[in-house]
Amino acid sequence: MTPKLEDKEVQRLLRKLDATHEPDYLNITPEVGAETKDCFIVVQNKVNNDGGRMIMGWQIWKGKYLIEAECHAVWEDEDKQLHDITPKEFDVDKILFVEDEKLIYDNKQIDNVRINTTNNSLVDDLILVCEAIYRFDNKGERATLYDLSTVLDEAQIKHKEYLMMLKGFINTILVKNGSRKSLCPCQSGIKFVDCHGKDLKKRIQKDI
């Protein structure tokens, strides 16, 4: 969901980002044939074809449990007007965008910045797992690859599957308004905190 600028959680996230510009709302006008999540390619192609330049920054989203800033590129036309030309995976007609000149795109992914907006510590676990998935996907040469299936060995595949399973378990509990003390979705009959959530930080920091 695109949040309201006056939302106190938005202001909290903006302070954490310490971006170089003030945030603004941009209408979404997707380029024909553009793919979701390919904002850097979409904008670079637009620059090559129509001039202007790429502007780096953050698009801000707010969900039920957290607020996050996603690194994003938009197109600036020759009149210095900004346009979001990348389609979204969900129904939204505008984004809250803040330009940040500190960001540099070098064909590598930049992780989201996330803040827990609840008193539920399980959301902190979700953030930790999301960060672990990012670190795994972007270790070494993997940072420049779109498809990791060709470079992962058996142990790496199992670890990535484990991380994705943890993320799924946590989301399953959160959807039911649960907490760390809810039963683990693995059907062990044990609380998540004593099952797949036990020593979570240590488990997900495996360097592989």
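See the structure above.
Novice: What is the right way to look at helix H2 (residues 39-50) in this model?
Specialist: For an α-helix, the turn length of 3.6 residues means that residues three or four places apart are oriented alike. With 12 residues, H2 should reach 16 Å at 1.5 Å per residue; the first-to-last C-alpha distance of 16 Å fits that figure. Turning to H2, its buried residues number three or more, namely Cys39, Phe40, Val42, Val43, Lys46 and Val47. The arc enclosing the buried residues of H2, seen along the axis, measures out at 165 degrees, which places them on a common side. In H2, the exposed positions angled more than 90 degrees off the buried face are occupied by Asn48 and Asn49. Looking at the buried residues of H2, the elements they touch are strand S2 (53-62) and strand S3 (66-76). Among the residues trailing H2, glycine 51 stands out with phi positive, at a value near 80 degrees.

Novice: Please clarify how the packing of helix H3 (residues 121-137) against helix H4 (residues 154-175) should be interpreted in this entry.
Specialist: Look at H3 against H4: their axes get within 10 Å of each other, and the N-to-C directions meet at 155 degrees. Looking at the two axes, H3 sits roughly antiparallel to H4. Read as a crossing pair, H3 and H4 show a hand that is left-handed. Every residue of H4 that contacts H3 at Leu122, Val123, Asp125, Leu126, Val129, Cys130, Ala132, Ile133, Phe136 and Asp137 is listed here: Gln156, His159, Lys160, Leu163, Met164, Leu166, Lys167, Ile170, Asn171, Ile173 and Leu174. Here the residues of the contact of H3 with H4 sort into 14 nonpolar, 3 polar and 4 charged.

Novice: When you look at the state of the cysteines in this model, what are you seeing that I'm missing?
Specialist: Where two cysteines share a covalent bond between their sulfur atoms, that bond is called a disulfide. Summed over all chains, the structure comprises 0 disulfides. The closest cysteine sulfur to the non-disulfide-bonded cysteine 71 is located on cysteine 39, 6.8 Å from its own sulfur. Since its relative accessible area comes to 8%, cysteine 71 is described here as buried.

Novice: I tried to follow the packing of aromatic side chains on my own but got confused; where do I start?
Specialist: The geometry of an aromatic ring pair is captured by the separation of the ring centres together with the interplanar angle, meaning the angle of the planes. The final tally for this structure, using the stated rule, is 2 aromatic pairs. For the ring pair phenylalanine 40 and tyrosine 105, a centre distance of 3.9 Å and an interplane angle of 5 degrees mean the geometry is stacked. Of this pair, phenylalanine 40 sits in helix H2 while tyrosine 105 sits in the loop between strand S5 (94-99) and strand S6 (113-116), and the two are 65 residues apart along the sequence. Look at phenylalanine 40 and you get buried, because its relative accessible area is 15%. Seen from their ring centres, tryptophan 61 and phenylalanine 90 are 5.1 Å apart, and the 80 degrees between their planes marks the pair as edge-to-face. Taken as a pair, tryptophan 61 in strand S2 and phenylalanine 90 in the loop between strand S4 (82-83) and S5 lie far apart in primary sequence, 29 residues in all. Under the relative-accessibility criterion, phenylalanine 90 is labelled partly exposed at 42%. Just above the ring of tryptophan 75 sits the side chain of lysine 46; from NZ or CZ to the centre is 4.7 Å.

Calculation rules
Residues numbered from 1 in each chain as written. Predicted model: local features only at pLDDT ≥ 70, side-chain atom pairs only at ≥ 80, totals over all residues. Heavy atoms only, no water. Helix = DSSP H or I, 4+ residues; strand = E, 2+ residues; numbered from the N terminus. Expected span 1.5 Å × (residues − 1). Buried < 20%, exposed > 50% of the residue type's maximum accessible area, 1.4 Å probe, protein only. Arc of directions from axis to C-beta. Contact = heavy atoms within 4.5 Å. Axes fitted to C-alpha atoms, helices over the stretch in contact; angles between N-to-C directions. Parallel < 35°, antiparallel > 145°, perpendicular 65-115°, else oblique. Left-handed = near helix turned anticlockwise from the far one by under 90°. Nonpolar A, V, L, I, M, F, W, Y, C, P; charged D, E, K, R; others polar. Disulfide = S-S within 2.5 Å. Phe/Tyr/Trp six-rings, centres within 6.5 Å; stacked < 30°, edge-to-face > 60°. Lys NZ or Arg CZ within 6 Å of the ring centre and 35° of its normal.

Keep in mind these values describe shape, not function.
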